[in-house]
Amino acid sequence: MNKNIVLIGFMGTGKSSVGSRLAQRLKREFVDMDREIERVSNMTVAEIFRKHGEVRFRSEEQLMAKKLSQRSNLVIATGGGVVLSSENVDHLKRNGILVCLDASPEDIFARVSRKKGIRPLLKKGTTEEDIRLMLEEREPYYRCADIRVNTSEKDVDAVVNDLLQQLKNIL
Ligand code: S3P
């Protein structure tokens, strides 16, 4: 039974695009946690935040982390805040290798600015400096990763190649 490969990391570090490409390369099923939460709750993540608040989203996220950790051989892209709960980290680690995707605040800012309005934690006027501060706050949580891969100035294929190289020593 193969452990899951679980992509963690800040918003805009490429977890979904890298995850889906990695799954193709490894011929594994790909699960995007946020999309799965949206499917089961029949609401977008933005709607869950707006109608029911962040606490409700975190509880849906926790249920999903638990559910997915009972499966194996998956590539899972998580939402950027999944690691804020140590319970989630414990679940995901039990049957998974945690891979953190990193990027510079500049790159993250550029990437998230292209997709405005879909991330409830990034309000309209969010600046690059806000992102730098949020990254700093989140950094201790991302240290739970088994592997870290820098995605700045790299395309998806280059990130996947880098990741596969590092996974070789573990898988
Ligand atoms: C969040 C990141 C989002 C989504 C939610 C909360 C966070 O996912 O789960 O808006 O707390 O960092 P992405 O990392 O895919 O943007």
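Below, the structure is looked at part by part. (Residues numbered from 1 in each chain as written. Predicted model: local features only at pLDDT ≥ 70, side-chain atom pairs only at ≥ 80, totals over all residues. Heavy atoms only, no water.)

**As for the overall build of the protein**
Broken down by element type, the protein carries eight helices and five strands. For 171 residues, the compact-globule estimate of 2.2 N^0.38 gives 16 Å, and the protein sits close to it at 15 Å. When the backbone C-alpha atoms are referred to their principal axes, the protein occupies close to 40 × 35 × 25 Å. Expressed as a percentage of its 171 residues, the buried residues of the protein come to 47%. A separation of at least 24 residues holds for 74% of the contacts in the protein among residues at least 6 apart in sequence. Element-wise, carbon and sulfur atoms account for 49% of the exposed surface of the protein, whose accessible area totals about 9,100 Å². If you average the places of the 30 positive and of the 25 negative side-chain charges in the protein, the two averages end up 5 Å apart. (Helix = DSSP H or I, 4+ residues; strand = E, 2+ residues; numbered from the N terminus. Rg over C-alpha atoms; globule rule 2.2 N^0.38 Å. Buried < 20%, exposed > 50% of the residue type's maximum accessible area, 1.4 Å probe, protein only. Contact = heavy atoms within 4.5 Å. Areas by Shrake-Rupley, 256 points an atom, 1.4 Å probe, with all protein chains shown as cover. Lys, Arg positive; Asp, Glu negative; His and termini not counted. Charge placed at Lys NZ, Arg CZ, Asp CG, Glu CD.)

**So, the packing of helix α2 (residues 33-41) against helix α4 (residues 54-69)**
Running from amino to carboxyl end, α2 crosses α4 at an angle of 110 degrees, the nearest separation of the two axes being 10 Å. When the axis of α2 is compared with that of α4, the two are roughly perpendicular. On α4, the residues that touch M33, D34, E36, I37 and V40 of α2 are F57, E60, E61, M64, A65, K67 and L68. For the contact of α2 with α4, a count of residues per class yields seven nonpolar, no polar and five charged. (Axes fitted to C-alpha atoms, helices over the stretch in contact; angles between N-to-C directions. Parallel < 35°, antiparallel > 145°, perpendicular 65-115°, else oblique. Nonpolar A, V, L, I, M, F, W, Y, C, P; charged D, E, K, R; others polar.)

**Here's the deal with the side chain of T13**
Examined against the element boundaries, T13 turns out to sit in the loop between β1 (4-8) and α1 (15-26). The buried category is assigned to T13, whose relative accessible area is 2%. Residues within four places of T13 in sequence aside, it is in contact with L101, D102, A103, I108, R111 and T151.

**Re the site of the ligand**
Near the ligand there are 13 residues, and of these K15, D34, R58, G80 and R119 occur at the shortest range. Measuring from an oxygen atom of the ligand, one finds a backbone N or O atom of G81 at 3.2 Å. In terms of residue class, the shell around the ligand is built from five nonpolar, three polar and five charged. (Near = heavy atom within 4 Å. Polar contact = N/O pair within 3.5 Å; in protein donor to acceptor, adjacent residues only side chain to side chain.)

**So, the pattern of salt bridges**
A complete count under the given rule lists 15 salt bridges for this structure. Residue R58 is joined to E54 by a salt bridge in which the shortest nitrogen-to-oxygen separation is 3.0 Å. With R58 and E54 both in helix α4 and four residues apart, this pair spans about one turn of that helix. Since its relative accessible area comes to 34%, E54 is described here as partly exposed. Where R148 meets E139, a salt bridge forms, and the shortest distance between an N and an O atom there is 3.0 Å. Judged by relative accessible area, which is 29%, R148 ranks as partly exposed. Judged by relative accessible area, which is 25%, E139 ranks as partly exposed. Because the salt bridges share partners, they merge into one network encompassing D102, E139, R143 and R148. (Salt bridge = Lys/Arg side-chain N within 4 Å of Asp/Glu carboxyl O.)

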